[in-house]
Amino acid sequence: MEEVDVYKTSTIHLLERLCSEDIGRRGIKAISERCEGELLNASTSLLEAKRVLITTGFFVPTGQAPETDGPLGAAAIAQALLRSGVPVDFITDPLCASVVAPVVEFLQRRNLETKLLIFPGPVPEGKRRGLSEAAQAAFREYEDVFGKSPAKVNTREFAERFYGKHCQGYTHFLSIERVGAATADGKFYNMGGIDISLTTGRIDLLFDHEERRSSGVDRCVIAIGDGGNELGMGNVRELVNRDVPKGRLIACLSPCDHLISAGVSNWGGYALAASLAILRRDAACLWSWQDDCWLMADLLAAGAVDGVSGMVTGDFVDGISSSVHQAMVDATQSIARNAIQRSS
């Protein structure tokens, strides 16, 4: 291995340690240690990607809206991939479409072509009026199938039909801050142990990499999470059970190929974008704090909330001050720029 490759590798490991700092004290230290090296593995895999599907969106009951953690990191990853010539699309459920649509529009304004798929899912009656036309159509499809006798519907078969119609051709599926079904009972829980199944579409079934692999589909699943209840955390569920508060209840069942553990999921997205920039030696792939502020304004206008307080605010993400997030973005960008300059 050439010296430049050793330097890139060590720099990406530095980014991994930086983004996995457990500043929120969620008990993820051992999880991050178990996932050491996966940032490099994930970014290296994405160098071979032909087409990527990204999911994000996490509904917060206290705020009655999706949170700001997830969409920002998803945008950073998508921008890096799109600027590298890799096609990227997004998928979420009807309730979270309101905060993923601004991500798509943000990228489109930068002449980066992408689109949003909406997987049919439940919507509480009081939230249906404010849905976009596309989200309403997805909810109506869900209601037509599940409304009368939900117990008689094979949810996995429904997901398989959707996959066959909309999700063919993607070499990589990437999840960032998207809740997965719990090992304990198959329901969906937030970090507080609140059941959010009635506000969550079953996108986890589309990301079932073991199901795809058994059927001969060659596809890589990458996941980013910060608490143990997100898609992909099935890789470390015994650590979630042991270390994370309410872990035995909320621990996600779904595994993945490469799991990135982050102190805040957005941070994992920033680090992955920076890693791609380093490997491609292309600073255009980097995400900036100005990018973050512009997109955050769009998310807040769409009603996105802080995942901890449930408030519509850009001062905090996951209960952590925006100044800390700015420091994380600036640090990942600075580390990556130095690596790119050294290897040029």
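Located above this text is the structure these notes cover.
All values derive from a computational prediction rather than experimental measurement.

### Side note on the overall build of the protein chain
Moving on, step 1. Counting its regular elements, the protein chain contains 13 helices and 10 strands.
Moving on, step 2. Relative to the globule expectation of 20 Å for 344 residues, the C-alpha radius of gyration of the protein chain, 19 Å, shows essentially globular dimensions.
Moving on, step 3. For the C-alpha atoms alone, the extent of the protein chain along its principal axes is close to 65 × 45 × 45 Å.
Moving on, step 4. Within the span of the protein chain, comprising 344 residues, buried residues form 55% of the whole.
Moving on, step 5. Expressed as a percentage of contacts within the protein chain between residues at least 6 apart in sequence, the contacts between residues at least 24 apart total 75%.
Moving on, step 6. As presented, the protein chain carries roughly 14000 Å² of accessible surface, and 49% of it is formed by carbon and sulfur atoms.
Moving on, step 7. Side-chain charges in the protein chain split into 35 positive and 44 negative, and the spacing between the mean points of these groups amounts to 3 Å.

### Focus on the nonpolar core
Moving on, step 1. Among the nonpolar cores identified, the biggest contains 61 residues, and Leu46, Val52, Ile54, Phe90, Leu174 and Leu272 are the most heavily contacted of them.
Moving on, step 2. Excluding its chain neighbours within four sequence positions, the residues that come into contact with leucine 46 are Val52, Leu81, His172, Leu174, Ile222, Leu272, Leu276 and Arg280.
Moving on, step 3. Of all hydrophobic cores here, the second largest spans 35 residues; its members include Ile31, Cys167, Cys252 and Leu259.

### A short note on the sheet that holds strand β7 (residues 220–225)
Moving on, step 1. With respect to topology, 6 strands assemble into an open sheet ordered β5-β4-β1-β6-β7-β8, the strand pairing being parallel. With one partner strand each, in any of the chains shown, β5 (116–118) and β8 (258–261) form the two edges of the open sheet. Taking the axes of each pair of neighbouring strands and ignoring which way they run, one obtains an average angle of 20° across the sheet.
Moving on, step 2. Across 4 bridges, strand β1 (residues 52–55) lies against strand β6 (residues 172–176) in parallel orientation. Note on β6: the bridge partner recorded for leucine 53 is phenylalanine 173.
Moving on, step 3. Seen against the sheet, helix α3 (residues 38–46) touches β1, β6, β7 and β8 and runs at an angle of roughly 130° to β8.
Moving on, step 4. On the sheet, helix α4 (residues 71–83) packs against β1, β4 (88–92), β6 and β7 and is oriented at approximately 155° with respect to β4.

### What about the packing of aromatic side chains?
Two measures describe an aromatic ring pair: the distance that separates the ring centres and the angle between the ring planes.
Moving on, step 1. Scanning the model with the defined rule gives 8 aromatic pairs in all.
Moving on, step 2. Each ring, one from tyrosine 142 and one from phenylalanine 146, has its centre 4.7 Å from the other, and the planes form 20°; the classification is stacked. Of this pair, tyrosine 142 and phenylalanine 146 both sit in helix α6 (residues 133–146), 4 residues apart, roughly one helical turn.
Moving on, step 3. Of the residues examined, tyrosine 142 reaches a relative accessible area of 22% and is grouped as partly exposed.
Moving on, step 4. The interplanar angle of 70° and the centroid separation of 6.0 Å between the aromatic rings of tyrosine 170 and phenylalanine 173 together place this pair among those described as edge-to-face.
Moving on, step 5. Grouping aromatic residues by their ring pairs yields a cluster made of Phe119, Tyr142, Phe146, Phe158 and Phe162.
Moving on, step 6. Geometry around phenylalanine 173 places arginine 219 over its ring, the cationic atom sitting 4.1 Å from the centre.
Moving on, step 7. The residue whose ring lies beneath arginine 342 is tyrosine 7, and the NZ or CZ to ring-centre distance is 4.0 Å.

### Section: the pairing of β1
Walk down a regular strand and you will see the side chains alternate between the two sheet faces.
Moving on, step 1. With burial as the criterion, each face of β1 is covered, one bearing Val52 and Ile54 and the other bearing Leu53 and Thr55.
Moving on, step 2. Two strands pair when backbone bridges link them, and β1 and β4 are joined in this way by 4 bridges, in the parallel orientation. Looking at the pairing, threonine 55 lines up with isoleucine 91 of β4.

### Side note on the packing of helix α11 (residues 265–280) against helix α13 (residues 322–343)
Moving on, step 1. As a packed pair, α11 and α13 sit with axes 9 Å apart at the nearest point and diverge in direction by 10°. Between α11 and α13, the angle is such that the two are roughly parallel. Read as a crossing pair, α11 and α13 show a hand that is right-handed. Facing α11, whose interface residues are Trp267, Tyr270, Ala274, Ala277 and Ile278, α13 presents Val324, His325, Met328, Val329, Thr332, Ala336, Ala339 and Ile340.

Conventions and cut-offs
- Residue numbering note: each chain is counted from 1, following its sequence as written.
- Whole-chain, interface and lining totals are the exception, using all residues; otherwise, since this is a predicted model, local features are given only for residues with pLDDT of at least 70 and side-chain atom pairs are given and counted only at 80 or more.
- Each side-chain value is derived from all of the structure's non-hydrogen atoms; neither hydrogens nor water enter the calculation.
- Helix numbers and strand numbers start at the N terminus; a helix is a DSSP run of H or I with at least 4 residues, a strand a run of E with at least 2.
- Atoms counted for the radius of gyration: C-alpha only. Globule rule: 2.2 Å times residue count to the power 0.38.
- For every residue, the accessible area obtained with a 1.4 Å probe (protein chains only) is divided by the maximum for its type, and the residue is called buried under 20%, exposed over 50%, and partly exposed between those limits.
- Here, two residues are considered to be in contact whenever any of their heavy atoms come within 4.5 Å of each other.
- For the area figures, the Shrake-Rupley method with a 1.4 Å probe applies, and any residue is considered shielded solely by the protein chains shown.
- In this tally Asp and Glu are treated as negative and Lys and Arg as positive; neither His nor the chain ends contributes.
- Think of each charge as sitting on NZ of Lys, CZ of Arg, CG of Asp or CD of Glu.
- We define the nonpolar core as a collection of buried residues of types Ala, Val, Leu, Ile, Met, Phe, Trp, Tyr and Cys that are connected through side-chain atoms lying within 4.5 Å of one another.
- Any two strands with at least two DSSP-identified bridges between them are counted as paired.
- Only the stretch in contact is used when a helix axis is fitted, and all axes are lines through C-alpha atoms; the angle between N-to-C directions ranges over 0 to 180 degrees.
- In this analysis, rings of Phe, Tyr and Trp, with Trp reduced to its six-membered ring, are considered paired at centre separations within 6.5 Å, and the interplanar angle assigns stacked below 30 degrees, edge-to-face beyond 60, and tilted for intermediate values.
- By the criterion adopted, a ring carries a charge over it if an Arg CZ or a Lys NZ lies within 6 Å of its centre and within 35 degrees of its normal.
- Any angle that is under 35 degrees is reported as roughly parallel, and any over 145 degrees as roughly antiparallel; angles of 65 to 115 degrees are reported as roughly perpendicular and all others as oblique.
- By convention, the crossing between two helices is left-handed when the near helix turns anticlockwise from the far helix through less than a right angle, and right-handed when the turn is clockwise.

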